[in-house]
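Examining the three-dimensional arrangement
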Amino acid sequence: MLLSLLPRWKSRQLIAASSFILLVACAEKPTAADALPLAPAQPAPVVNVPGATPDASATEIQPLQTFAQWQAGFRQQALQAGISPNTFDRAFLGVTPDMDVIKADRSQPEFTRPVWEYLEGALSPLRVRNGKKLMEQNAELLTRIEQRYGVDRQVLVSVWGMESNFGQFQGSKSVIRSLATLAYEGRRPQFAQDQLIAALQILQNGDIQPEAMRGSWAGAMGQTQFIPTTYNTHAVDFDGDGRRDIWNSTPDALASTAHYLQSSGWKRGQPWGFEVQVPAGFDFWLADGSLRKPVSEWLQLGVKLPAGTQLPANSNQLSAALLLPAGARGPAFLVLDNFRAILKYNNSSSYALAVSLLGDRFSGWGFIAGSWPKEDLPLSRSERMELQHLLNASGHDAGNADGIIGANTRKAIRNAQQGLGWPADGYPTHKLLESLRQQ
């Protein structure tokens, strides 16, 4: 398919996608994008990064023009935004569209990994050992960052490990070339142009040279994978060398991450959440990320802690939501404000759960007591689309049949489950799909 694009490059019009893809906050390695969508977070094809928010440009159609024509027009925009001609011309020297980036941008995975497989990889013994070792090696640095930003060291090292394997896999693509490709040919051209302007500002400030500005295909950069706009608002020079170098300076990368989490509402010394068990006959309509109650109220509803565990100190009145990563038949968690802060870093509850549990593993806990329903393999993308069609046909408004299990689809699933007398957890299963097929 990609080869066939080349002869028609100048005459082809991009067909707007039915759903948008947010820039992936990870280098070229499996991370949150591989995980099963967990209610109530975004589904697997939609992964967020620090500072990235959806907008109307997700469905814009790219105008007919050559890359050279686009570059000439964009150069004028960049100069109007304060980018010097020298900065722009140096950054774009030899830049051409990257076909690998186009392929990645259009990718619509048919299958997703079950959440338990994702967590197994994210919480590997090797990653835990390496994280603990790095916490010891960087103890003095982490103490200073905690004192400055109030963000606990466990979560910082956990994000570091999840995003780049502690700086080892930051991405090898030119950020300028990737973002230029996405701005010219991608599904969200305006978003990519905004990031490209921000990347040029970084170069103009002298924090990094163009040839050293490397990252993922989507333009995420550095040891903790910031997109350029987030870099400009939250990156800090913590080592005092006059540059905000999240690529080569561990102090700058970790302190920048702490600054972002602090701005996202991180509460020092508070837990991210904890595993719980729900009673028989529980109203699973309450398991919705938008519904938050004090921990004490959840306990009054019959939610309890697994045997042998204790409620974190001073958490009774903290606001919590009930998270069911694999529906009513899997483990359950009460998640607090710090979990929400991690979601602002990457809006995938699978990612936030992995970061949280990995941080706990560094301290010797974070093991899940509940059992995963491993026979309930996730629906493929085409099966999710079929499920949405069938829900709509049954009178349950699931919205567009795009394969994305968002709020409307979850509500439709709950209604269908309730009509069948099943726990209304909003979790899509093959059993529900088969039941709807037979109606």
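Residues numbered from 1 in each chain as written. Predicted model: local features only at pLDDT ≥ 70, side-chain atom pairs only at ≥ 80, totals over all residues. Heavy atoms only, no water.

Before going further, it helps to spend a moment on the overall build of the protein. Check the secondary structure of the protein and you find 18 helices and six strands. Residue burial in the protein is summarised as follows: out of 439 residues, 56% are buried. For the protein, the share of sequence-separated contacts (at least 6 apart) that also reach a separation of at least 24 residues comes to 73%. Entry remark: accessible area of the protein is about 18,400 Å², with carbon and sulfur atoms responsible for 50%. (Helix = DSSP H or I, 4+ residues; strand = E, 2+ residues; numbered from the N terminus. Buried < 20%, exposed > 50% of the residue type's maximum accessible area, 1.4 Å probe, protein only. Contact = heavy atoms within 4.5 Å. Areas by Shrake-Rupley, 256 points an atom, 1.4 Å probe, with all protein chains shown as cover.)

Below, the discussion takes up helix α4 (residues 99–106). Those residues of α4 lying buried are Val101, Ile102, Asp105 and Arg106. Take α4 and look down its axis: the buried residues cluster within an arc of 125 degrees, on one side only. Backbone nitrogen of Asp100 and a side-chain oxygen of the N-cap are separated by 2.9 Å at the start of α4; the cap is Asp98. (Arc of directions from axis to C-beta. Polar contact = N/O pair within 3.5 Å; in protein donor to acceptor, adjacent residues only side chain to side chain.)

Backbone geometry follows two general trends: most residues other than glycine have a negative phi, and most peptide bonds adopt the trans configuration. The backbone phi angle of Asn165 is positive, close to 50 degrees, even though this residue is not glycine. A relative accessible area of 22% places Asn165 in the partly exposed class. Not every positive phi belongs to a glycine, and Gln225 is a case in point at roughly 55 degrees. Here Gln225 lies in the loop between β2 (214–215) and α11 (228–234). Judged by relative accessible area, Gln225 falls into the buried class, the value being 0%.

Remember, this is a structural readout, not a statement about activity or role.
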